[in-house]
Amino acid sequence: MKYLHLVVSNLFRKKTRTALTAGSFAVALFLFGILAAVDGAFKQGVDVAGVDRLVVLNRVSIIQPLPLAYRDRLARVPGVTGVTFANWFGGVYQDERNFFPQFAIDREHYRQMYPEFVVPDDQWQAFLTDKEGAIVGEALMERFKWKVGDRIPVKGTIFPGSWEFNIRGVYKGRRIQDDTTQFWFRWDYLDERKAFTKGLVGWYVIRIANPDDAVRLVKVIDEQFANSPSETKTDTEKAFAASFVKQMGNIQLLIMSVGSVVFFTLLLVTGNTMAIAVRERTRELAVLKAVGFRDGFVLALVIVETMTVAVVGGGIGLGLAKLFTLRGDPTGGLLPFFYVSPQSIALGLGLALVVGLAAGILPALSASRLRVVDALRRI
Amino acid sequence: MVSIDGRGDGKSLIRARGLGKTYRRGGEEIHVLQGLNLDVDPGDFVAFMGPSGSGKTTLLNLLGGLDVPSAGSVIVAGDEITHMSARKLTAWRARHVGFVFQMYNLIPVLTAFQNVELPLLLTSLSKAERRRHVETALAVVGLGDRMHHYPRQLSGGQEQRVGIARAIVADPTFLLCDEPTGDLDRKSADEILDLLDRLVRDHGKTALMVTHDPLAAARARLVLHLEKGVLVESVTAGRVP
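Residues numbered from 1 in each chain as written. Chains lettered and ligands numbered in written order. Predicted model: local features only at pLDDT ≥ 70, side-chain atom pairs only at ≥ 80, totals over all residues.

## As for the overall build of chain B
We count it as follows: Every helix listed is a DSSP run of H or I at least four residues long, and every strand listed is a run of E at least two residues long, numbered separately from the N terminus. To get the radius of gyration, use the C-alpha atoms; to get the globule rule, take the number of residues to the power 0.38 and multiply by 2.2 Å. Labels follow a simple rule on C-beta atoms placed from the backbone: if 20 or more others lie within 10 Å of a residue's own, it is buried; if 12 or fewer, it is exposed; otherwise it is partly exposed. Two residues qualify as being in contact provided that their C-beta atoms, derived from the backbone, are within 7 Å of each other.
Looking only at helices and strands, chain B features 7 helices and 11 strands. The C-alpha atoms of chain B give a radius of gyration of 18 Å, which matches the 18 Å a tight globule of 241 residues would have. Principal-axis analysis of the C-alpha atoms gives chain B an extent of 50 × 40 × 40 Å. Going through the 241 residues of chain B one by one, you find that 49% of them count as buried. For chain B, restricting intrachain contacts to residue pairs at least 6 apart in sequence, the fraction spanning at least 24 positions comes to 69%.

## So, the overall build of chain A
On a plain count of helices and strands, chain A comes out with 14 helices and 12 strands. Evaluated residue by residue, chain A yields a buried proportion of 38% over its 379 residues. If you take every contact in chain A between residues at least 6 apart in sequence, the share linking residues at least 24 apart comes to 82%.

## Topic: the packing of helix α12 (residues 295-326) of chain A against helix α13 (residues 342-368) of chain A
Residue and element names in this part refer to chain A. To keep it simple, the criterion reads: Inter-axis angles, ranging from 0 to 180 degrees, are taken between N-to-C directions of lines fitted to C-alpha atoms, where helices are fitted over the stretch in contact. Roughly parallel refers to an angle under 35 degrees, roughly antiparallel to one over 145, roughly perpendicular to one between 65 and 115, and oblique to any angle outside these ranges. Each crossing gets its hand from how the near helix is turned against the far one by less than a right angle, where anticlockwise is left-handed and clockwise is right-handed. The nonpolar class holds Ala, Val, Leu, Ile, Met, Phe, Trp, Tyr, Cys and Pro. Asp, Glu, Lys and Arg form the charged class, and all remaining residues, Gly among them, are polar.
Two numbers describe how α12 lies on α13: the axes approach to 7 Å, and their chain directions differ by 150 degrees. Relative to α13, the element α12 lies roughly antiparallel. In the packing of α12 onto α13, the handedness of the crossing is right-handed. Each residue belonging to the contact of α12 with α13 can be placed in one class, and the counts come to 21 nonpolar, 8 polar and 1 charged.

## What to know about the nonpolar core
Test applied: Any nonpolar core is a set of buried residues, restricted to Ala, Val, Leu, Ile, Met, Phe, Trp, Tyr and Cys, that join up through C-beta atoms within 7 Å.
Among the nonpolar cores identified, the biggest contains 123 residues, and Val46, Phe48, Ala165 and Leu208 of chain B are the most heavily contacted of them. When residues of this core are assigned to their parent elements, the largest contribution, 12 residues, is made by helix α2 (residues 15-48) of chain A. Setting aside its immediate chain neighbours within four residues, Ala165 of chain B contacts Val116, Ala137, Leu138, Val140, Val141 and Leu143 of chain B. Counting residues in hydrophobic clusters, the runner-up holds 44 residues, among them Phe85, Ala104, Tyr171 and Val201 of chain A.

## Points about the interface of chain A and chain B
Of the residues lining the interface, 20 residues belong to chain A; the matching set on chain B comes to 24 residues. Those elements that place two or more of their residues in the side of chain A that touches chain B are α1 (4-11), α11 (282-290) and α14 (372-376) of chain A. Residue contributions to the side of chain A that touches chain B peak at 5 residues, all from α11 of chain A. Taken together, the residues that form the side of chain A that touches chain B break down as 9 nonpolar, 4 polar and 7 charged.

## A word on the domain arrangement of chain A
Inclusion rule: Boundaries between domains were set according to an automatic or database domain assignment.
Structurally, chain A comprises domain 1 (4-45 + 250-376) and domain 2 (60-230). For domain 1 of chain A versus domain 2 of chain A, the distance between C-alpha centres works out to 46 Å.

## Notes on the confidence of the model for chain B
All names here are of chain B. The criterion, for reference: Known as pLDDT, the predictor's confidence for each residue is given on a scale from 0 to 100.
Mean pLDDT over chain B stands at 89; residues scoring 70 or higher make up 96%. Per-residue pLDDT stays below 50 along residues 237-241; that stretch engages in 5 contacts with residues further than four places along the chain or on separate chains. Predicted complex, confidence summary: ipTM 0.88, pTM 0.71.

## What to know about the packing of helix α10 (residues 251-280) of chain A against α13 of chain A
All names here are of chain A. Orientation of α10 relative to α13, taken along the N-to-C sense of each, is 35 degrees, at an axis distance of 9 Å. At the point where α10 passes α13, the crossing takes the right-handed sense. Packed against α10, whose contacting residues are Phe263, Leu266, Leu267, Thr270, Gly271, Met274, Ala275 and Val278, the element α13 presents Leu351, Val355, Ala358, Ala359, Gly360, Leu362, Pro363, Ser366 and Ala367 at the interface. Among the residues forming the contact of α10 with α13, the class breakdown is 13 nonpolar, 4 polar and no charged.

## A closer look at the environment of Asp329 of chain A
In this fold, Asp329 of chain A is placed in the loop between α12 and α13. Put simply, Asp329 of chain A and Val38 of chain A are 291 residues apart on the chain and 9.6 Å apart in space, counted from C-alpha to C-alpha.

## Some points on the pairing of strand β1 (residues 53-58) of chain A
Residues and elements named next belong to chain A. Going by this rule: Two strands pair if DSSP finds at least two bridges between them.
In terms of residue burial, β1 counts as a mostly covered element, since 6 of its 6 residues are buried. Both β1 and strand β11 (residues 203-208) contribute to a ladder of 4 bridges, which runs antiparallel. Its bridge partner lying in β11, Arg53 is registered against Arg207. Bridging between β1 and strand β12 (residues 232-236) involves 5 bridges; their strand directions are antiparallel. Within the sheet, the bridge partner assigned to Leu54 lies in β12 and is Thr236.

## Overview of helix α5 (residues 156-168) of chain B
Residues and elements named next belong to chain B. Convention followed: Expected span of a helix, by definition, is 1.5 Å for each gap between consecutive residues, and there is one gap fewer than residues.
Spanning 13 residues, α5 covers 19 Å between terminal C-alpha atoms, matching the ideal 18 Å at 1.5 Å per step. Burial within α5 is extensive, with 11 of its 13 residues counted as buried. Considering only its buried residues, α5 is in contact with β7 (97-100), α3 (112-117), α4 (127-140), β8 (174-178) and α6 (186-201).

## Some points on the sheet that holds strand β1 (residues 2-3) of chain B
Strand pairs in the sheet, formed through backbone hydrogen bonds, run parallel or antiparallel to each other. All names here are of chain B. Taken together, the 5 strands give an open sheet; going across it, the order is β1-β3-β2-β5-β6, and neighbouring strands pair in antiparallel fashion. A strand with exactly one partner marks an edge of an open sheet, and here the two such strands are β1 and β6 (79-80). In the sheet, β1 pairs with strand β3 (residues 28-40) via 2 bridges, with the strands oriented antiparallel. Bridged to Ser3 within β3 is Asp39. Strands in contact with helix α1 (residues 56-63) are β2 (14-25), β3 and β5 (71-76); relative to β2, the strand with the most contacts, it is inclined by about 120 degrees.

## What about the environment of Leu370 of chain A?
All names here are of chain A. Structurally, Leu370 can be placed in the loop between α13 and α14. When the C-alpha atoms of Leu370 and Leu35 are compared, they prove to be 41 Å apart, with 335 residues separating the residues in sequence. Residues in contact with Leu370, not counting those within four places in the same chain, are Thr282, Leu285, Ala286, Lys289 and Ala375.

## Considering the pairing of β3 of chain B
Residues and elements named next belong to chain B. When β2 meets β3, the two strands line up antiparallel, connected through 9 bridges. Following the sheet pairing, Thr22 is matched in β3 by His31. Between β2 and β3, which pair antiparallel one after the other, the connecting turn spans 2 residues, and Gly26 there sits at a positive phi close to 65 degrees.

Below you can see the structure in the form of structure tokens.
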């Protein structure tokens, strides 16, 4: 601690330069934070997927339905402990920009299948007694400032017509990463009103007794429906979510590429700045060594200075990214789960430290190897 | 008593024997110092004069442990420093040498107090003890009221006083002063020389000073001339007892 003033004083020596260097870190880490939030938003479904849940789709494509009759057959498969189903609705609320996912759900078993989504019992009962009832995630409620009891008009696109729903309850996520931007309504209401594909559901979700048994069960289920008019493709919920992300392209590669370029540029800029800073202080560093400070101290001093700039600048950037994401999804629905996780902040700070260290190490080594007599010319 | 004949009187604080320094520039060897002997007793004030390139600064560098000789040895207060590792030599400098530079070499972003405190950061003194030492050193050089000024807020003479306070604050065995008045006007130079004189006379410090200024050299007890890497004695009028 007794050396702290040396670090602080040196950082304030050229305020503009320090501010610009810290600013470079802030910009880079802001970008990192946003990219991490985007990546997290895409991977969120994968991360929160239940290990004991399988998704059964139509083998042809995700938009092809499956017969309701499959429900009982699936329930009879040994090792399956629960079955539910849902259907994508794809309606528009007021304006196409107001996208949010709407699902027609199986009112009997959907709630039990997803214990991570919590709905108060009285609200669930109200939902069960109202065919036009809806349960809405709390983030979505907040987004449109809805309240329980509101009547929500939705224009059908896949299922044409004007649909109206009564909000009967709000679900919350048990974990921060649980998606609370969904809109659920009763599948029986959809099936009753739709003009075609009656008795068909979008997909099934089944719970299995033993997650280690998933591979075998996937095979058993798909074999059971082989050669039928609606063959199935069963997958773990995690694999299903991952394949969904892949449809968007290799987001992670894109983020890694952009991030690598940014950090490499930052490394060069900071390294150059620190090299200049050290060169300007050659005499002072030589004096420190002359009066008895060791090479290692000079090395550490320069590195600590660089890393301080990196952490302060990086911290500001990550803080700004956090603030930015607090405003919610900037895309109007594409990234419902858009936030900078504590892990991303830790990783970002770690990266800032590594870049700070890498940028400072060469100037620091040259400072520590400085020959006092050469640096001072004369004592 | 200072001697350059290699015999000494056995009480020497600084003893150099057969000191040589050779630089290699291109294919050519340059012998800056050659077989130099020197004995300096505690409390001596010695000035080194000589033309540029005569080896004055090289000699100070060797005596201060900033450079290593090509030949010979330097013993200070019983410590043979010539064969010390760089690490040991650094620690030795912190304990035994106070440097006063021509260009003051204060750290511009630190206050006078913080500049003077620098050598004490290497000790195990508490914050309160460091403060006491720094205040004493600044009082000795007459800058007790300028402790929290930055170098840019001080005159050249005052900066050099801070430099001297930094040199004496850890109570080193001896002071090495390289052209301490070279960058000052006459009045400020005299004040600095008065201060060095007082440190030697009243505080018993040992000081070795390189200078081009005959008036500055006249304040020392003995002036030694360096010519072609060899020391030549010349007695300063009015100073030798």
